[in-house]
Amino acid sequence: MLPQKGDPMHCLVNLSYFIVSIAFVHIKIFLHPFSECCGRYACIVAMPGCQQSEDKEIVGVVDAAAMADRHVLKALPGIDEYLYISGMAVVPKYRRQKVATVLLQACDATAIEWGFEYLVLQAYEDDKAARLLYAKAGYVVIAIDPLWFSRLLGRRRKVILAKKVSASVYNKTPSM
Ligand SMILES: CC(C)(COP(=O)(O)OP(=O)(O)OC[C@H]1O[C@@H](n2cnc3c(N)ncnc32)[C@H](O)[C@@H]1OP(=O)(O)O)[C@@H](O)C(=O)NCCC(=O)NCCS
(Lines give C-alpha, C1' and ligand atoms only; values in the text may rest on other atoms or scores of the structure.)
Protein backbone atom coordinates (compact mmCIF):
# COMPACT_ATOMS: atom_id res chain seq x y z
CA MET A 1 0.00 0.00 0.00
CA LEU A 2 1.26 3.45 -0.86
CA PRO A 3 2.53 5.72 0.51
CA GLN A 4 4.95 4.20 3.01
CA LYS A 5 5.31 5.24 6.65
CA GLY A 6 7.48 8.33 6.96
CA ASP A 7 6.25 9.66 3.63
CA PRO A 8 4.75 13.19 3.89
CA MET A 9 1.49 11.87 2.48
CA HIS A 10 1.23 9.06 5.01
CA CYS A 11 -1.13 10.93 7.35
CA LEU A 12 -3.57 11.92 4.65
CA VAL A 13 -3.72 8.92 2.37
CA ASN A 14 -4.23 5.42 3.61
CA LEU A 15 -6.41 2.37 3.17
CA SER A 16 -9.37 2.22 5.49
CA TYR A 17 -10.98 -0.97 6.75
CA PHE A 18 -14.42 -0.16 5.33
CA ILE A 19 -13.16 0.72 1.89
CA VAL A 20 -11.58 -2.72 1.70
CA SER A 21 -14.90 -4.37 0.88
CA ILE A 22 -15.43 -1.91 -1.98
CA ALA A 23 -11.88 -2.52 -3.13
CA PHE A 24 -12.48 -6.27 -3.11
CA VAL A 25 -15.43 -5.86 -5.49
CA HIS A 26 -13.24 -3.77 -7.79
CA ILE A 27 -10.40 -6.26 -7.55
CA LYS A 28 -12.70 -9.16 -8.44
CA ILE A 29 -13.85 -7.30 -11.53
CA PHE A 30 -10.55 -5.74 -12.59
CA LEU A 31 -8.52 -8.89 -12.01
CA HIS A 32 -10.92 -10.99 -14.05
CA PRO A 33 -8.92 -12.84 -16.77
CA PHE A 34 -10.98 -11.18 -19.50
CA SER A 35 -10.72 -7.71 -18.05
CA GLU A 36 -8.70 -5.10 -19.96
CA CYS A 37 -6.96 -4.27 -16.71
CA CYS A 38 -3.58 -5.99 -16.59
CA GLY A 39 -3.64 -7.36 -13.06
CA ARG A 40 -2.65 -4.41 -10.85
CA TYR A 41 -5.28 -2.36 -9.12
CA ALA A 42 -5.31 0.02 -6.15
CA CYS A 43 -8.13 1.88 -4.46
CA ILE A 44 -6.48 4.90 -2.79
CA VAL A 45 -8.42 6.81 -0.16
CA ALA A 46 -7.83 10.04 1.72
CA MET A 47 -8.63 10.54 5.37
CA PRO A 48 -8.41 13.86 7.21
CA GLY A 49 -6.23 12.79 10.11
CA CYS A 50 -3.38 10.44 10.83
CA GLN A 51 -3.97 6.68 10.78
CA GLN A 52 -3.88 6.68 14.60
CA SER A 53 -6.66 9.27 14.75
CA GLU A 54 -10.14 8.36 16.07
CA ASP A 55 -11.70 9.93 12.99
CA LYS A 56 -11.85 7.28 10.27
CA GLU A 57 -13.90 9.31 7.81
CA ILE A 58 -12.99 8.88 4.18
CA VAL A 59 -12.97 12.21 2.39
CA GLY A 60 -11.67 11.25 -1.04
CA VAL A 61 -11.10 8.27 -3.26
CA VAL A 62 -9.46 7.35 -6.55
CA ASP A 63 -8.81 4.11 -8.43
CA ALA A 64 -5.56 3.21 -10.18
CA ALA A 65 -5.29 0.21 -12.50
CA ALA A 66 -2.85 -1.11 -15.07
CA MET A 67 -4.32 -0.70 -18.55
CA ALA A 68 -3.36 -1.21 -22.17
CA ASP A 69 -6.05 0.37 -24.34
CA ARG A 70 -4.74 0.48 -27.90
CA HIS A 71 -6.23 3.93 -28.61
CA VAL A 72 -4.30 5.37 -25.69
CA LEU A 73 -1.12 3.45 -26.54
CA LYS A 74 -1.27 4.89 -30.07
CA ALA A 75 -0.87 8.34 -28.51
CA LEU A 76 1.95 7.21 -26.22
CA PRO A 77 4.40 5.35 -28.46
CA GLY A 78 7.09 3.24 -26.84
CA ILE A 79 5.05 1.85 -23.95
CA ASP A 80 2.81 -1.20 -23.77
CA GLU A 81 0.80 -0.34 -20.65
CA TYR A 82 0.12 2.56 -18.33
CA LEU A 83 -1.54 3.37 -15.00
CA TYR A 84 -5.16 4.38 -15.56
CA ILE A 85 -6.66 6.73 -12.98
CA SER A 86 -10.44 6.84 -12.53
CA GLY A 87 -13.22 7.45 -10.03
CA MET A 88 -11.67 10.57 -8.51
CA ALA A 89 -14.12 11.99 -5.96
CA VAL A 90 -13.85 14.20 -2.89
CA VAL A 91 -16.61 14.71 -0.29
CA PRO A 92 -18.08 18.23 -0.87
CA LYS A 93 -17.18 19.49 2.63
CA TYR A 94 -13.50 18.76 2.00
CA ARG A 95 -13.16 20.19 -1.49
CA ARG A 96 -10.61 22.91 -2.33
CA GLN A 97 -8.32 21.62 0.41
CA LYS A 98 -5.95 19.76 -1.93
CA VAL A 99 -7.39 16.33 -1.17
CA ALA A 100 -7.62 15.42 -4.87
CA THR A 101 -4.14 16.87 -5.42
CA VAL A 102 -2.73 14.59 -2.73
CA LEU A 103 -4.61 11.60 -4.16
CA LEU A 104 -3.03 12.33 -7.54
CA GLN A 105 0.38 12.47 -5.88
CA ALA A 106 -0.34 9.06 -4.37
CA CYS A 107 -1.17 7.85 -7.89
CA ASP A 108 2.20 9.20 -9.08
CA ALA A 109 3.92 7.28 -6.31
CA THR A 110 1.97 4.13 -7.21
CA ALA A 111 2.99 4.46 -10.86
CA ILE A 112 6.64 4.73 -9.89
CA GLU A 113 6.38 1.84 -7.46
CA TRP A 114 4.79 -0.35 -10.14
CA GLY A 115 7.23 0.74 -12.85
CA PHE A 116 4.88 2.72 -15.11
CA GLU A 117 6.16 5.57 -17.23
CA TYR A 118 2.76 7.19 -17.79
CA LEU A 119 -0.45 7.89 -15.91
CA VAL A 120 -3.60 8.34 -17.98
CA LEU A 121 -7.09 9.58 -17.11
CA GLN A 122 -10.23 10.97 -18.72
CA ALA A 123 -12.29 14.07 -18.06
CA TYR A 124 -15.16 15.88 -19.69
CA GLU A 125 -13.87 18.63 -21.93
CA ASP A 126 -16.13 21.21 -20.24
CA ASP A 127 -15.45 20.13 -16.64
CA LYS A 128 -13.47 23.17 -15.54
CA ALA A 129 -12.76 21.94 -12.00
CA ALA A 130 -11.38 18.57 -13.10
CA ARG A 131 -9.46 20.07 -16.04
CA LEU A 132 -7.76 22.62 -13.78
CA LEU A 133 -7.00 20.01 -11.13
CA TYR A 134 -5.37 17.68 -13.67
CA ALA A 135 -3.53 20.49 -15.49
CA LYS A 136 -2.04 21.65 -12.19
CA ALA A 137 -0.99 18.07 -11.47
CA GLY A 138 0.91 17.98 -14.77
CA TYR A 139 -1.52 16.16 -17.08
CA VAL A 140 -1.73 17.14 -20.74
CA VAL A 141 -4.33 16.30 -23.39
CA ILE A 142 -3.32 13.42 -25.68
CA ALA A 143 -6.68 12.73 -27.34
CA ILE A 144 -10.16 14.21 -27.61
CA ASP A 145 -13.50 12.82 -28.78
CA PRO A 146 -14.21 13.97 -32.33
CA LEU A 147 -16.75 16.79 -32.60
CA TRP A 148 -19.17 14.64 -34.62
CA PHE A 149 -19.26 12.21 -31.68
CA SER A 150 -20.86 14.75 -29.36
CA ARG A 151 -22.95 16.38 -32.09
CA LEU A 152 -24.31 13.10 -33.44
CA LEU A 153 -24.78 11.31 -30.14
CA GLY A 154 -25.51 14.40 -28.05
CA ARG A 155 -22.91 13.39 -25.46
CA ARG A 156 -20.40 15.55 -23.62
CA ARG A 157 -16.97 15.38 -25.19
CA LYS A 158 -14.27 13.63 -23.25
CA VAL A 159 -10.55 14.27 -23.29
CA ILE A 160 -7.83 11.79 -22.49
CA LEU A 161 -4.99 13.21 -20.44
CA ALA A 162 -1.58 11.76 -19.68
CA LYS A 163 1.34 12.55 -17.44
CA LYS A 164 4.87 11.22 -17.54
CA VAL A 165 5.86 10.23 -14.01
CA SER A 166 8.89 11.59 -12.31
CA ALA A 167 10.72 10.08 -9.33
CA SER A 168 10.75 13.53 -7.70
CA VAL A 169 7.14 13.04 -6.50
CA TYR A 170 8.53 11.08 -3.57
CA ASN A 171 10.19 14.23 -2.28
CA LYS A 172 7.19 16.47 -2.83
CA THR A 173 4.99 17.70 0.04
CA PRO A 174 1.55 18.90 -1.08
CA SER A 175 1.27 22.67 -1.03
CA MET A 176 -1.79 23.67 1.00
C1 LIG B 1 -12.97 17.67 -8.97
C2 LIG B 1 -12.67 17.29 -7.50
C3 LIG B 1 -12.16 15.84 -7.46
C4 LIG B 1 -11.60 18.26 -6.94
O5 LIG B 1 -11.23 17.84 -5.63
P6 LIG B 1 -10.53 18.85 -4.62
O7 LIG B 1 -9.98 18.07 -3.49
O8 LIG B 1 -11.46 19.94 -4.28
O9 LIG B 1 -9.36 19.43 -5.51
P10 LIG B 1 -8.08 20.24 -4.99
O11 LIG B 1 -8.40 20.97 -3.71
O12 LIG B 1 -6.92 19.32 -4.94
O13 LIG B 1 -7.94 21.32 -6.16
C14 LIG B 1 -6.72 21.54 -6.86
C15 LIG B 1 -6.97 22.61 -7.90
O16 LIG B 1 -7.95 22.16 -8.86
C17 LIG B 1 -8.80 23.27 -9.25
N18 LIG B 1 -10.16 23.06 -8.78
C19 LIG B 1 -10.62 22.09 -7.95
N20 LIG B 1 -11.95 22.23 -7.78
C21 LIG B 1 -12.33 23.31 -8.49
C22 LIG B 1 -13.58 23.98 -8.69
N23 LIG B 1 -14.71 23.54 -8.14
N24 LIG B 1 -13.61 25.05 -9.51
C25 LIG B 1 -12.48 25.51 -10.09
N26 LIG B 1 -11.25 24.94 -9.92
C27 LIG B 1 -11.19 23.86 -9.13
C28 LIG B 1 -8.22 24.49 -8.58
O29 LIG B 1 -7.26 25.04 -9.46
C30 LIG B 1 -7.56 23.89 -7.36
O31 LIG B 1 -6.52 24.68 -6.84
P32 LIG B 1 -6.90 25.95 -5.89
O33 LIG B 1 -7.90 25.46 -4.88
O34 LIG B 1 -5.57 26.32 -5.28
O35 LIG B 1 -7.47 27.01 -6.78
C36 LIG B 1 -13.95 17.43 -6.62
O37 LIG B 1 -14.53 18.69 -6.84
C38 LIG B 1 -15.00 16.36 -6.87
O39 LIG B 1 -15.00 15.31 -6.23
N40 LIG B 1 -15.92 16.63 -7.82
C41 LIG B 1 -16.99 15.65 -8.16
C42 LIG B 1 -16.41 14.41 -8.86
C43 LIG B 1 -15.61 14.78 -10.08
O44 LIG B 1 -15.96 15.68 -10.83
N45 LIG B 1 -14.50 14.04 -10.28
C46 LIG B 1 -13.61 14.24 -11.40
C47 LIG B 1 -14.05 13.38 -12.53
S48 LIG B 1 -12.93 13.50 -13.90
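Starting from 1, residues in each chain are numbered consecutively following that chain's sequence as written. Only residues with pLDDT of at least 70 are given local features in this predicted model, and only at 80 or more are side-chain atom pairs given and counted; all residues enter the totals for whole chains, interfaces and linings.

This part covers the overall build of the protein. Summing up its helical and strand segments, the protein has five helices and six strands in all. Helix and strand labels come from DSSP, where a helix needs a run of H or I of at least four residues and a strand needs a run of E of at least two; each type is numbered from the N terminus. When the helices and strands of the protein are read in sequence order from the N terminus, they spell out α-β-β-α-β-α-β-α-β-α-β. Evaluated residue by residue, the protein yields a buried proportion of 32% over its 176 residues. The contact criterion used here is simple: two residues whose C-beta atoms, placed from the backbone, lie within 7 Å are in contact. Within the protein, counting contacts between residues at least 6 apart in sequence, those at least 24 apart form 65% of the total. Counts of 20 or more other C-beta atoms within 10 Å of a residue's own C-beta define buried residues, counts of 12 or fewer define exposed ones, and intermediate counts define partly exposed ones; C-beta atoms are placed from the backbone.

It is worth spelling out the pairing of strand 1 (residues 41-46) at this point. Most of strand 1 sits out of view: five of its six residues are buried. In this structure, strand 1 lies alongside strand 2 (residues 60-67), joined through six bridges in antiparallel fashion. Its bridge partner being in strand 2, C43 is matched across the sheet by D63. A pair of strands is treated as paired once DSSP finds two or more bridges between them.

The residue L121 is located in strand 4 (residues 118-124) in this model. Of the residues examined, L121 has 23 C-beta atoms within 10 Å and is grouped as buried. Separated by 13 residues in the primary sequence, L121 and Y134 have C-alpha atoms spaced 9.0 Å apart. Residues contacting L121, with those up to four places away along its chain left out, are Y84, I85, S86, Y134, Y139 and L161.

Working rule for contacts: place C-beta from the backbone, and if it is within 6 Å of a molecule or strand, that residue counts as near it. The ligand sits among 17 residues. The nearest are R95, A100, T101, A129 and L133. Here the element with the most residues in the shell around the ligand is helix 4 (residues 128-136); it accounts for six residues. Partitioning the shell around the ligand into residue classes produces 10 nonpolar, two polar and five charged. Charged means Asp, Glu, Lys or Arg here, nonpolar means Ala, Val, Leu, Ile, Met, Phe, Trp, Tyr, Cys or Pro, and polar covers whatever is left, Gly included.

Attention now moves to the confidence of the model for the protein. Every residue is assigned a pLDDT by the predictor, reflecting its confidence on a scale from 0 to 100. Here the protein averages 80 in pLDDT, while 69% of its residues score no lower than 70. Below a pLDDT of 50 lies the segment residues 1-21, which in the model reaches 36 contacts outside its immediate sequence neighbourhood of four places, other chains included. Across residues 169-176, where pLDDT falls below 50, the model places 12 contacts with residues more than four positions away in sequence or in other chains.

Structurally, F149 is set in helix 5 (residues 147-153). Note on F149: 14 C-beta atoms within 10 Å, which makes it partly exposed. Apart from residues lying up to four places away in sequence, F149 is in contact with R155 and R157.

Taken in spatial order, the six strands line up as 1-2-3-4-6-5 in an open sheet, and their pairing is mixed. Because the sheet does not close on itself, it has two edges, and the strands there are strand 1 and strand 5 (140-144). Averaged over neighbouring strand pairs, the angle between their axes works out to 30° when direction is ignored. Where strand 5 and strand 6 (residues 158-164) come together, four bridges link them in antiparallel fashion. Within strand 6, the residue paired with V141 across the bridge is L161. Axis lines are fitted through C-alpha atoms, for helices just across the contact stretch, and the angle between N-to-C directions can take any value from 0 to 180 degrees. On top of the sheet, helix 3 (residues 99-114) reaches strand 1, strand 2, strand 3 (82-90) and strand 4; it is set at about 160° to strand 3, its chief contact.

A separate point is helix 3. Given 3.6 residues to a turn, an α-helix orients residues that are three or four positions apart in the same direction. With 16 residues, helix 3 extends 23 Å from end C-alpha to end C-alpha; this agrees with the ideal 22 Å at 1.5 Å per step. Extensive coverage of helix 3 is indicated by the burial of 12 of its 16 residues. For helix 3, the complete set of buried residues consists of V99, A100, V102, L103, L104, Q105, A106, C107, D108, A109, T110 and A111. Elements in contact with the buried residues of helix 3: strand 1, strand 2, strand 3, strand 4 and helix 4. Of the residues flanking the end of helix 3, it is G115, one or two places downstream, whose phi is positive at about 80°. A helix is expected to span 1.5 Å for every residue after the first.

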